[in-house]
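# A look at the structure
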Amino acid sequence: MYFKHKFFELYQADYSSIRKNGKSIHWNQFDELISTRKHYFSLIKRACDFQLLDEAFYNQAKSTIWKVPEIQKKMLVFKEQDYNEFVSKHKSLFFNYCFSYIFRNGSIAKWRDKYYELVENLLNSSLPDNVLNFIIKSSRFSNGLNMVKAPIYLIGDEARETRFDNLSFQRNSFLAEDALTPPFHLYFLPSYNEMGMHQDVDISSLFRYVAECLIIVLVESLENN
């Protein structure tokens, strides 16, 4: 709190000028951190937001991601389905399903952060109109159990050992919920007009742009590995 008051006391006149500082990404991030002003907006935060992106990702994948040999055979069966049919049948967001299949024999978590970093870099390399910056952050959660590497056993009567996952459906419940949970949050920083107000952004075009970047990075990563 002392830092915040001291900072404004020393730099208020020059610092608070949106016209002067509004194009600085660092200024926007810092100002949102220490003040009550909102600069970044959520593009993807809730499941309903992510479904809009997931559908765009699914539709674009039909002409792009199926060309990748590693997933062509598995994904070809979905090519004639529409998005809602896919989600209803598989009880999963397509993005999550796609990742689970690709990394079924490896560590998704280990590669995911690097993937998001590459996507964020690509998003910010050729920005849409009226957007200054994107931030993408993983929103995955852990159920606290790794029944593959470290299974939990309960010892009952007569020293009988029973695996915990054979007694509880909690892990399966977590996995089912995880499949329909947005895997990341995405925020964007709109630019300012001459009056110091945020400019309007075409949200539907942002979803298409983000979906395109997700696919480009995914295909490049698969081809390079």
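Higher on the page you've got the structure.
The paragraphs below set out a description of the structure included in this document. Worth saying up front: this structure is predicted, and the values here are computed from it rather than measured.

## So, unusual backbone geometry
Although it is not a glycine, Lys91 sits at a positive phi angle of roughly 50°. Inspection of the secondary structure puts Lys91 in the loop between α6 (83-90) and α7 (94-102). Assessed through its relative accessible area of 54%, Lys91 is described here as exposed. Phi at Asn130 is positive, roughly 65°, even though this residue is not glycine. Residue position: Asn130 is located in the loop between α8 (108-123) and β2 (131-138).

## So, the packing of aromatic side chains
In the structure shown here, the tally under the stated rule is 15 aromatic pairs. Ring centres of Tyr58 and Phe86 lie 5.6 Å apart, and the angle between their planes is 40°; on these two criteria the pair is classed as tilted. One end of the pair, Tyr58, is in helix α4 (residues 47-61); the other, Phe86, is in helix α6, with 28 residues separating them in the sequence. Across the pair, Phe86 and Tyr58 agree in class, each one buried. With a centroid separation of 5.4 Å and an interplanar angle of 90°, the aromatic rings of Phe86 and Tyr97 are classed as edge-to-face.

## Examining the pattern of salt bridges
Applying the stated criterion to the full structure yields two salt bridges. Among the salt bridges present, the one from Asp31 reaches Arg37, with a minimum N-O distance of 3.0 Å. Ionic pairing is found between Lys114 and Glu117, a salt bridge with its closest N-O pair at 4.0 Å. Of this pair, Lys114 and Glu117 both sit in helix α8, three residues apart, which is roughly one turn of that helix. Judged by its relative accessible area of 42%, Lys114 falls in the partly exposed class. Classification of Glu117 by relative accessible area gives partly exposed; the value is 44%.

## Observations regarding the pairing of strand β5 (residues 184-190)
With five of seven residues buried, β5 lies mostly within the body of the structure. Direction of pairing for strand β1 (residues 41-44) relative to β5: antiparallel, over a ladder of three bridges. Note on β5: the bridge partner recorded for Phe41 is Phe188. Relative to β5, β2 runs antiparallel, the two sharing seven bridges. Paired with Phe134 across the two strands is Phe188, which belongs to β5.

## Topic: the nonpolar core
Ranked by size, the top nonpolar core spans 41 residues in total, and within it Leu53, Phe95, Tyr115, Phe184, Leu186 and Leu214 carry the most contacts. For this core, the secondary-structure elements that each account for two or more residues are β1, α4, α6, α7, α8, β2, β5 and α10 (203-224). Among the elements that line this core, the one with the most residues is α10, at twelve residues. If we ignore the near neighbours within four places in the chain, the residues touching Leu186 are Phe41, Ser42, Leu43, Ile44, Leu123, Phe134, Ile135, Ile136 and Val210.

## A closer look at helix α3 (residues 25-34)
Turning to α3, its buried residues number three or more, namely Trp27, Asn28, Asp31 and Ile34. One face of α3 carries all of its buried residues, which in axial projection span an arc of 150°. What points out from α3, more than 90 degrees from its buried face, is the exposed set His26 and Leu33.

## A closer look at the environment of Ser191
Note that Ser191 resides in the loop between β5 and α10. By relative accessible area, Ser191 is classed as buried at 11%. Between the C-alpha atom of Ser191 and that of Gly22, which follows or precedes it by 169 residues, the distance is 7.4 Å. When residues no more than four places from it in sequence are discounted, the contact partners of Ser191 are Asn130, Val131, Leu132, Met197, His198 and Gln199.

## Some details on α6
Along α6, the residues that are buried comprise Tyr83, Phe86 and Val87. Angularly, the buried residues of α6 cover 95° about the axis, an arc narrow enough to put them on a single face. Facing away from the buried side of α6 by over 90 degrees, the exposed positions are Asn84 and Lys89. With a side-chain oxygen positioned 3.4 Å from the backbone nitrogen of Asn84, the residue opening α6 is Asp82. Directly beyond the C-terminal end of α6, a positive phi value near 50° is found at Lys91.

Procedures and definitions
Residues numbered from 1 in each chain as written. Predicted model: local features only at pLDDT ≥ 70, side-chain atom pairs only at ≥ 80, totals over all residues. Heavy atoms only, no water. Helix = DSSP H or I, 4+ residues; strand = E, 2+ residues; numbered from the N terminus. Buried < 20%, exposed > 50% of the residue type's maximum accessible area, 1.4 Å probe, protein only. Phe/Tyr/Trp six-rings, centres within 6.5 Å; stacked < 30°, edge-to-face > 60°. Salt bridge = Lys/Arg side-chain N within 4 Å of Asp/Glu carboxyl O. Pairing = 2+ DSSP bridges. Core = buried A, V, L, I, M, F, W, Y, C linked by side-chain atoms within 4.5 Å. Contact = heavy atoms within 4.5 Å. Arc of directions from axis to C-beta. Polar contact = N/O pair within 3.5 Å; in protein donor to acceptor, adjacent residues only side chain to side chain.

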